[in-house]
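# Geometric and topological summary
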Amino acid sequence: MICDKEKVVKKILHWFNPWNDLALAFGGENYTPPKAGQELARKMSWLPILWAEEGDMVAFEGDLPDWVARLPLKGSRWDGKWDGIGRVEPWGWSLAARKQLRKMGAPESILPTDELLYDWRMLSHRRTTEPFLRLIYKWGATEKWFRDRPLPLLPREERSCPYYTAAAKVVKAPWSTAGRGILDSTTMSWEDLRRKAEGIINRQGSVMIEARLDKVLDFALLYRSTDAGVEYLGPSLFMTEKGVYRGGKIAPAGEMEAEIAAFVTSRELEWVKEAARKALEAIRTDYRGFIGVDMMVHRLKDGTLAIHPCVEINWRATMGLPALMLGKMGERGWFKPEL
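Residues numbered from 1 in each chain as written. Predicted model: local features only at pLDDT ≥ 70, side-chain atom pairs only at ≥ 80, totals over all residues. Heavy atoms only, no water.

Another aspect to go through is helix H4 (residues 95-103). Within H4 the residues assigned to the buried category are Ala-96, Ala-97, Arg-98 and Leu-101. For H4, the secondary structure elements touched by its buried residues are strand S1 (11-15), helix H1 (20-26), strand S4 (85-90) and helix H5 (114-124). Where H4 ends, the next residue or the one after it, Gly-105, has phi of about 100°, a positive value. (Buried < 20%, exposed > 50% of the residue type's maximum accessible area, 1.4 Å probe, protein only. Helix = DSSP H or I, 4+ residues; strand = E, 2+ residues; numbered from the N terminus. Contact = heavy atoms within 4.5 Å.)

Below, the discussion takes up the sheet that holds strand S11 (residues 244-250). Backbone-to-backbone hydrogen bonds join strands into a sheet, with any given pair of strands oriented parallel or antiparallel. Spatially, S13-S12-S9-S10-S11-S14 is the arrangement adopted by the six strands of the open sheet, whose pairing is antiparallel. On the outer flanks of this sheet lie strand S13 (305-314) and strand S14 (333-335), each paired with one strand and no other. Averaged over all pairs of adjacent strands, the angle between their axes in this sheet comes to 40°, without regard to strand direction. In the sheet, strand S9 (residues 214-226) pairs with strand S12 (residues 289-299) via eleven bridges, with the strands oriented antiparallel. For Ala-220, the partnering residue across the bridge sits in S12 and is Asp-294. Relative to the sheet, helix H6 (residues 129-140) contacts S12 and S13, its axis offset from that of S13 by approximately 145°. Strands S9, strand S10 (229-241) and S11 of the sheet are contacted by helix H9 (residues 253-261), whose axis makes an angle of about 65° with S10. (Pairing = 2+ DSSP bridges. Axes fitted to C-alpha atoms, helices over the stretch in contact; angles between N-to-C directions.)

Another point: H6. Across its twelve residues, H6 extends 16 Å between first and last C-alpha, which sits within 8% of the 16 Å expected from 1.5 Å per residue. Those residues of H6 that sit buried are Thr-129, Phe-132, Leu-133, Leu-135, Ile-136, Tyr-137 and Gly-140. Lining the buried residues of H6 we find helix H7 (144-147), helix H10 (266-283), S12 and S13. (Expected span 1.5 Å × (residues − 1).)

So, on to the sheet that holds strand S3 (residues 76-77). Pairing within the open sheet is parallel, and its four strands lie in the order S3-S2-S1-S4. Each edge of the open sheet carries a strand with a single partner, namely S3 and S4. Across two bridges, the pairing between strand S2 (residues 57-58) and S3 is parallel. Counterpart to Met-57 in the pairing with S3 is Ser-76.

Estimates place the volume of the second largest pocket at around 480 Å³. Sort the elements by how many residues they give to the lining of the second largest pocket and H4 lands first, with four residues. Here the lining of the second largest pocket is built from residues that sort into eleven nonpolar, five polar and six charged. (1 Å grid on protein atoms, 1.4 Å probe; cavity = no way out; pocket = protein on both sides within 12 Å on 5 of 7 lines; lining within 4 Å. Points joined across faces, edges and corners; volume = space filled by probe spheres on them. Nonpolar A, V, L, I, M, F, W, Y, C, P; charged D, E, K, R; others polar.)

Within this structure, the stated rule accounts for three cavities of 30 Å³ or more. Approximately 200 Å³ is the volume attributed to the largest cavity. Around the largest cavity sit 19 residues that line it, and Asp-21, Ser-124, Ile-313, Asn-314 and Trp-315 are the ones nearest its centre. At the level of elements, H1, H5 and S13 are the ones that each hand at least two residues to the lining of the largest cavity. In the lining of the largest cavity, the residues fall into eight nonpolar, seven polar and four charged. Counted as a void, the second largest cavity has a volume near 60 Å³. Considering the residues around the second largest cavity, the lining is formed by Tyr-137, Phe-146, Arg-149, Pro-150, Leu-151, Pro-152, His-298, Leu-300, Ala-306, Ile-307, His-308 and Pro-309. A total of four residues in the lining of the second largest cavity trace back to one element, the largest contributor, which is S13. Of the residues assigned to the lining of the second largest cavity, the class counts are nine nonpolar, two polar and one charged.

In structure tokens form, the structure reads like this:
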């Protein structure tokens, strides 16, 4: 009797490395995360189990927190063996992340090449917001409600200290994390801003300059890049303190979208959702994985509220992802990284 061979399904291994943006800024593979980053990675190593699919595995230490163990989880703890693992998905990719995975025994066949890691690092540079916004502004020219409003200036990259202007501006490091590496000209003297900007340029080669907008609401839209294209996952509403991420709202996706749309219109939010998806698809190169596009509702000079469709793009998982997944499981509240 001849039996059909069962199709072998390759498993995905998820791994939480929250220090990855700092590793991208460092640039090399011999990066050592700060103690705070190491501690967060250790305490919350279970985090990817919130989005792991059926059959996926998660590399984590210790036991799941009681409240997590009670959730309808699909993934399971990794047993340390690489047999059957066909793909590894860290929080984010860098040379340092690949080196650590090699230490964990990952086979070269499932790790990205130097060329891919270089491309993804360049994609994660804040200069990517400029071509993204160019596409959004181009497509917006066909929409009267979008075309007739004043648009923020496109961000520009500077490789020397930015010259003084009275206009309020934000100066950003090419790679940074959790709101750090961002200088606000309205909260410091020009001398301090210039000194800190020069430090960023010395370390990372340039700074990004953007107009400072009158922010009303922080939010993000989350996507996933796959071989089939870029798919929209849902929104993220989060709170910040002095620009530093402090937690994400856990609620049904439709409820959070309605909260965002209440500041503008449902039509504007729906248009931005799809325009951002198409723009990501156009610029993503070979990147496959999660993407978070930070946006804001801001106030124009005439008092009108509008969506600024790209504050920054995170080419990795974000803390909005576990909040979104918990909302889909019926949970409510706020998700904070220090849990």
